[in-house]
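Structural overview for review
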Amino acid sequence: MENKIYDVIIIGAGPAGLAAGTYAGRARLDTLIVEQEKDGGQIVITAEIENYPGGVEGETGPSLVKRMSEQAAGFGAQKVKDTIVDVELEGDVKHLIGRSADYYARTVIIATGANPRPIGCPGERELTGKGVSYCATCDAAFFEDFDIYVVGGGDSAVEEALYLAKFGRRVTIIHRRDALRAARSIQEKAFACDKIEFMWNSRVAELSGDGILERMVIENTVTGERTTIEAPEEDGTFGVFVFIGFDPHAQLFEGKLSMENGYILTDEDMRTSIPGVFAAGDVRKKSLRQVVTAAADGAIAASMANKYLEGLDG
């Protein structure tokens, strides 16, 4: 229906957006989810999910997303495939401009997510989920007693290296400079860990393997010298975990919402700086980016949107 005004429009159909759709639909709100690609966000490339509470044995990203999508639809959340290119968020009715149509709603939940920043080297994309990972808590257990390499030198990289040291036979931090950028207290823990080694002034230039990560080319950032690291024959593979930052999908909201380092700022109830506009999941500033926290954010955002609407109607 042209110029229909929804109670809530959710931008993004990852775990945060789908959870928001479920809670909004269950609250009998007229709900529309706008997704530009396919449902699920980052987790659709996750081969196995072991740490989602209550997940079934053999749970994969696609299987979990399928159930989440069906659940949201079952509670009445509608869905459309479109890319939002501009937004007008002030006022009682929010206007979202898509490539295919215009959309109007009394509340908006932004759940556009974020992607881990890639190395950008040959072979990385093809071997993601096959030796290359961006999530230690998701994939550490797959590399128990294997060699693990961590790319990065900031707080996240060093903290995740310490976590991975509980699993791997040996963890090597690959950093393009000759000193870590992490906080001194975190550095000290890493230097004191006998399972953590360091590869200074180095970057990953290439990743390769026949269906699974088997070798890595390291380039010295000072001399340009290249070294090839092969998987130990008895293992057949090794892990490369990349922690060089995230790229939140929030450029659309720059100058329109309060943001910090590219992330949308919210309070604990997912409220942004504009009344009636909420953000959930990886797109907002937060300490832990996992499926379970994204889903929790979405549930809170939808519940708060409902309360906001009750206040307007009251």
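Scroll up to find the structure this text is about.
The following paragraphs examine the structure supplied in this document.

Now for the packing of helix H1 (residues 15–26) against helix H7 (residues 291–313). Relative orientation and spacing of two packed helices are given, respectively, by the angle between their axes and the distance between those axes. Where H1 contacts H7, the two axes come as close as 7 Å, and the packing angle between them is 35 degrees. In terms of crossing hand, the pair formed by H1 and H7 is right-handed. Touching Pro 15, Ala 16, Ala 19, Ala 20, Tyr 23 and Ala 24 of H1 are Val 291, Ala 294, Ala 295, Gly 298, Ala 299, Ala 302 and Ser 303, all from H7. In terms of residue class, the contact of H1 with H7 is made up of 11 nonpolar, 2 polar and no charged.

Here we come to the pairing of strand S2 (residues 31–35). The element S2 is largely enclosed, with a buried count of 5 among its 5 residues. Side-chain alternation along S2 places Thr 31, Ile 33 and Glu 35 on one buried face and Leu 32 and Val 34 on a second face that is also buried. For strand S1 (residues 5–11) and S2, the ladder comprises 4 bridges, and the chain directions are parallel. Bridged to Ile 9 within S2 is Leu 32. In this fold, S1 hands off to H1, which returns the chain to S2; that crossover is right-handed. Summarising the sheet, S2 and strand S3 (residues 78–81) pair through 4 bridges and their orientation is parallel. Within S3, the residue paired with Leu 32 across the bridge is Gln 78.

Evaluated as defined, the whole model comprises 18 salt bridges. Here Asp 7 makes a salt bridge to Arg 106, at a shortest N to O gap of 3.2 Å. In this pair, Asp 7 is assigned in strand S1 and Arg 106 in strand S6 (residues 102–110), connecting sequence segments 99 residues apart. The exposure class assigned to Asp 7 is buried, which follows from its relative accessible area of 16%. Lys 66 is the salt-bridge partner of Glu 70, the closest N and O atoms lying 2.7 Å from each other. Pair noted here: Glu 70 and Lys 66 are both in helix H2 (residues 61–74), with a separation of 4 residues, about one helical turn. When salt bridges with common partners are traced through the structure, they connect Asp 147, Arg 169, Arg 170 and Asp 235 into a single cluster.

In this section: the sheet that holds strand S12 (residues 202–208). Spatially, 3 strands are ordered S12-S13-S14 in an open sheet, and the strand pairing comes out antiparallel. Unpaired on one side and paired on the other, S12 and strand S14 (226–230) mark the two borders of the sheet. Adjacent strand axes in the sheet meet at a mean angle of 25 degrees, parallel and antiparallel pairs treated alike. Inspection of the sheet shows strand S13 (residues 215–220) paired to S14 by 5 bridges, in the antiparallel sense. When the sheet's bridge partners are listed, Arg 215 is paired in S14 with Glu 230.

What counts as what
Residues numbered from 1 in each chain as written. Predicted model: local features only at pLDDT ≥ 70, side-chain atom pairs only at ≥ 80, totals over all residues. Heavy atoms only, no water. Axes fitted to C-alpha atoms, helices over the stretch in contact; angles between N-to-C directions. Helix = DSSP H or I, 4+ residues; strand = E, 2+ residues; numbered from the N terminus. Left-handed = near helix turned anticlockwise from the far one by under 90°. Contact = heavy atoms within 4.5 Å. Nonpolar A, V, L, I, M, F, W, Y, C, P; charged D, E, K, R; others polar. Buried < 20%, exposed > 50% of the residue type's maximum accessible area, 1.4 Å probe, protein only. Pairing = 2+ DSSP bridges. Right-handed = clockwise from strand over helix to strand, strands pointing away. Salt bridge = Lys/Arg side-chain N within 4 Å of Asp/Glu carboxyl O.

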